[in-house]
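# Residue-level structure breakdown
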Amino acid sequence: RKEASDGRDLYLNIRVLVLMMTAFVLLFTFVARIIVVSGASMENTLHGGDLMLVWSLGYAPRQGDVVVVTQESYQEDSIVKRVIALEGQTVDIDYYTGTVYVDGRPLKEDYIKEQMLVPSYGEGVNHVTVPEGCIFVMGDNRNHSTDSRDLQLGPIDTDYILGKAVLALWPMERFGAV
C-alpha cells in the first residue's frame with residue numbers, strides 16, 4: 001500500500017507541475033512577458049540590459065506608447081521603439097530643426113536623448129502617410145536608432161507588435177512605469 005500511495009503522490013505532483021508550467025507558458029505567451037532591452041536606441045527611457053514587463057493581452061497601439069515589435073525580415077530579435085504615428089496619420093521629419101510632425105503638428109518630445117541629426121543611412125523616410133494596419137516607430141535615442149525612418153524597416157505592421165512596455169523591472173534604480 002505504501003508503494004501505491006507513493007506512486008499516487010508522484011503522479012499528483014507531476015500533474016500539478018505540468019499544469020503550473022502550462023499556465024506560465026500561456027501567461028507569458030498571450031498576456032504578458034518579460035523582455036531584456038538590447039542596444040541604446042531607447043536611451044534615456046530604457047537602457048541595454050534593462051528588464052521590462054510587456055503587456056500583450058488586448059493591446060491596441062496608441063501614439064506615444066513604447067512597444068516591442070518583431071520584424072524578422074529586418075532582424076530576428078525583437079526591437080523596442082516608441083509609437084510616433086498610427087495608420088492614416090502623416091509623419092514629416094525636419095532634420096534641420098530636429099522636429100517630428102504628425103498631421104502637421106510638432107510632437108512635444110521631452111523623452112528624446114539629444115537633438116536629432118540626419119541618420120547615417122540618409123534621410124530615408126522623412127514624409128509618409130502611415131499605411132493601414134501599420135504604425136510608425138522611432139527610438140528615443142534618434143541618433144543611434146534604426147526605426148521606421150530606415151527604408152529597410154519602414155512602418156511596422158500591427159500584427160508584429162508583441163505588446164506595450166508597461167514597467168521597467170531591473171535595475172532597481174530605474175524601476176517604474178515606462
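Reading the values: the criteria
Residues numbered from 1 in each chain as written. Predicted model: local features only at pLDDT ≥ 70, side-chain atom pairs only at ≥ 80, totals over all residues. Heavy atoms only, no water. Patch = residues over 30% accessible without salt bridge, like charges linked within 9 Å, V, L, I, M, F, W, Y side chains within 5 Å. Areas by Shrake-Rupley, 256 points an atom, 1.4 Å probe, with all protein chains shown as cover. Salt bridge = Lys/Arg side-chain N within 4 Å of Asp/Glu carboxyl O. Helix = DSSP H or I, 4+ residues; strand = E, 2+ residues; numbered from the N terminus. Buried < 20%, exposed > 50% of the residue type's maximum accessible area, 1.4 Å probe, protein only. Core = buried A, V, L, I, M, F, W, Y, C linked by side-chain atoms within 4.5 Å. Contact = heavy atoms within 4.5 Å. Pairing = 2+ DSSP bridges.

## Considerations on a nonpolar patch on the surface
A cluster of nonpolar residues, Val16, Met20, Phe24, Phe28 and Ile34, forms a patch on the protein surface that exposes about 470 Å² of accessible area. If you tally residues by element for the nonpolar patch, the top one is helix H1 (residues 2-31), at 4 residues. For phenylalanine 28, the location among the structural elements is in helix H1.

## Some remarks on the pattern of salt bridges
Overall, the coordinates contain 6 salt bridges when judged by the stated rule. Across the pair glutamate 109 and arginine 142 runs a salt bridge, and its minimum N-O distance is 2.6 Å. In this pair, glutamate 109 is assigned in the loop between strand E7 (105-106) and strand E8 (127-129) and arginine 142 in the loop between strand E9 (134-138) and strand E10 (156-157), connecting sequence segments 33 residues apart. Taken as a pair, glutamate 109 and arginine 142 share a single burial class, namely buried.

## Remarks on the nonpolar core
The tendency in soluble globular proteins is for nonpolar side chains to be buried side by side. Of all hydrophobic cores here, the largest spans 15 residues; its most connected members are Ile84, Val91, Ile93, Val100, Phe136 and Met138. Elements with a minimum of two residues in this core: strand E4 (75-86), strand E5 (90-94), strand E6 (99-102) and E9. It is E9 that contributes the most residues to this core, 3 residues altogether. Residue contacts for valine 100: discarding those within four places in its chain leaves Ile84, Val91, Asp92, Ile93, Arg105, Pro106, Leu107, Glu109, Met116, Met138 and Arg142. Formed by 11 residues, the second largest nonpolar core is a distinct cluster that contains Val37, Leu46, Val66 and Ala168.

## With respect to the environment of histidine 127
Mapped onto the secondary structure, histidine 127 falls in strand E8. Spatially, the C-alpha atom of histidine 127 lies 55 Å from that of valine 16, the residues being 111 residues apart in sequence. Those residues within four positions of histidine 127 in sequence are excluded, and the remaining contacts are Thr90, Val91 and Asp92.

## Thoughts on the pairing of E5
A regular strand places its side chains so that they alternate between the two faces of the sheet. When E5 meets E8, the two strands line up antiparallel, connected through 3 bridges. Bridge assignment links threonine 90 to a residue of E8, and that residue is threonine 129. The pairing of E5 with E6 spans 4 bridges and is classified as antiparallel. Bridge pairing in E6 links isoleucine 93 to valine 100. What sits between E5 and E6 in their antiparallel hairpin is a turn of 4 residues, with glycine 98 showing a positive phi close to 70°.

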